[in-house]
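# Chains, contacts and geometry: an overview
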Amino acid sequence: MMKKITPDLELKTPRLTLRPVRMGDEKEIHEYAGDKSITMMFWLPNDTFEETLDFVKTYSAEWEKPEPEDFEFVILYEGKIIGGCDCDLSHSEDHSYATLGWIIHKEYRGRGFASEAARALIDFAFSNLTISRVLAQCDCRNAASFNVMKKIGMKLIDDKGSRTYPKTGITSGEFTCELKRENFR
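What you see is a predicted model; the values in this text were computed from it and never measured. (Residues numbered from 1 in each chain as written. Predicted model: local features only at pLDDT ≥ 70, side-chain atom pairs only at ≥ 80, totals over all residues. Heavy atoms only, no water.)

## As for the overall build of the protein
Regarding its fold elements, the protein presents four helices and eight strands. Walking the protein from its N terminus toward its C terminus, one meets helices and strands in the order β-β-α-α-β-β-β-α-β-α-β-β. A compact globule built from 185 residues would reach a C-alpha radius of gyration of about 16 Å, and the protein, at 15 Å, matches this within 12%. Principal axes of the C-alpha set define a box for the protein whose edges measure 40 × 40 × 30 Å. Classification of the 185 residues of the protein by burial places 51% in the buried group. Expressed as a percentage of contacts within the protein between residues at least 6 apart in sequence, the contacts between residues at least 24 apart total 60%. If you sum the accessible surface of the protein, you get close to 9500 Å²; carbon and sulfur atoms cover 51% of it. The averaged location of the 31 negative side-chain charges in the protein is 6 Å from the averaged location of its 26 positive side-chain charges. (Helix = DSSP H or I, 4+ residues; strand = E, 2+ residues; numbered from the N terminus. Rg over C-alpha atoms; globule rule 2.2 N^0.38 Å. Buried < 20%, exposed > 50% of the residue type's maximum accessible area, 1.4 Å probe, protein only. Contact = heavy atoms within 4.5 Å. Areas by Shrake-Rupley, 256 points an atom, 1.4 Å probe, with all protein chains shown as cover. Lys, Arg positive; Asp, Glu negative; His and termini not counted. Charge placed at Lys NZ, Arg CZ, Asp CG, Glu CD.)

## With respect to helix 1 (residues 26-33)
Taken together, the buried positions of helix 1 are Glu-26, Ile-29, His-30, Tyr-32 and Ala-33. Seen from one end, helix 1 has its buried residues packed into an arc of 165 degrees, which puts them on one side. Packing partners of the buried residues in helix 1 comprise helix 2 (49-62), strand 3 (70-77), strand 4 (80-88) and strand 5 (97-104). (Arc of directions from axis to C-beta.)

## A word on the packing of aromatic side chains
Here the structure, examined in full by the defined rule, presents ten aromatic pairs. With 5.3 Å between their ring centres and 70 degrees between their planes, Phe-71 and Phe-124 make a pair best called edge-to-face. Linking Phe-71 in strand 3 with Phe-124 in helix 3 (residues 113-128), this pair joins segments that are 53 residues apart in sequence. Both residues of the pair, Phe-71 and Phe-124, belong to the buried class. Site record: aromatic cluster; members linked through ring pairs are Trp-63, Phe-71, Phe-73 and Phe-124. Directly above the ring of Tyr-97 sits Arg-133, whose terminal nitrogen or CZ lies 4.8 Å from the centroid. (Phe/Tyr/Trp six-rings, centres within 6.5 Å; stacked < 30°, edge-to-face > 60°. Lys NZ or Arg CZ within 6 Å of the ring centre and 35° of its normal.)

## Quick word on the packing of helix 1 against helix 2
Here helix 1 crosses helix 2 at 120 degrees, and the two axes come no closer than 9 Å. On the basis of their axis angle, the class for helix 1 and helix 2 is oblique. Seen from above, helix 1 lies across helix 2 with right-handed handedness. Where helix 1 approaches helix 2, its residues Glu-26, Lys-27, Ile-29, His-30 and Ala-33 are matched on the opposing element by Phe-49, Thr-52, Leu-53, Phe-55 and Val-56. Among the residues forming the contact of helix 1 with helix 2, the class breakdown is six nonpolar, two polar and two charged. (Axes fitted to C-alpha atoms, helices over the stretch in contact; angles between N-to-C directions. Parallel < 35°, antiparallel > 145°, perpendicular 65-115°, else oblique. Left-handed = near helix turned anticlockwise from the far one by under 90°. Nonpolar A, V, L, I, M, F, W, Y, C, P; charged D, E, K, R; others polar.)

What follows is the structure, encoded as structure tokens:
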């Protein structure tokens, strides 16, 4: 069982605020989600604004469910949405673990925002959800994301995975990292 989680939740870090995605965020989200240079993300880029709008509708509605499975946050810095992050229970049938993901607008990369947001996401997951571990995956060529995983204390558990990008058909290697509840903090 998880704690009651509401759509007005805010996670604060020294520089960032993470809050649930909501209607009205679509323009700022599309600024990074529509970026064609993002080739290492599984569900991005969103080719059209309508795809981004559908994404926002889907994930803002998820927050309204009595027991959400997918917690999609926007990352705010100085009041501007600079990225998003996600804590997803749906990959685990028994909800014993969550998968995490993050993306930062290209103009804000390299400043430690992804690591800061990911730490807050892990704290949220272990404080609010009855999970034993969190997982994160990245394209094996995505050194920045892999470095975030290591920086936040995750350990590489599989370097033999693969992923195929639906829009291009390109297959690439995939890393999976894990952090267990007992190793958090």
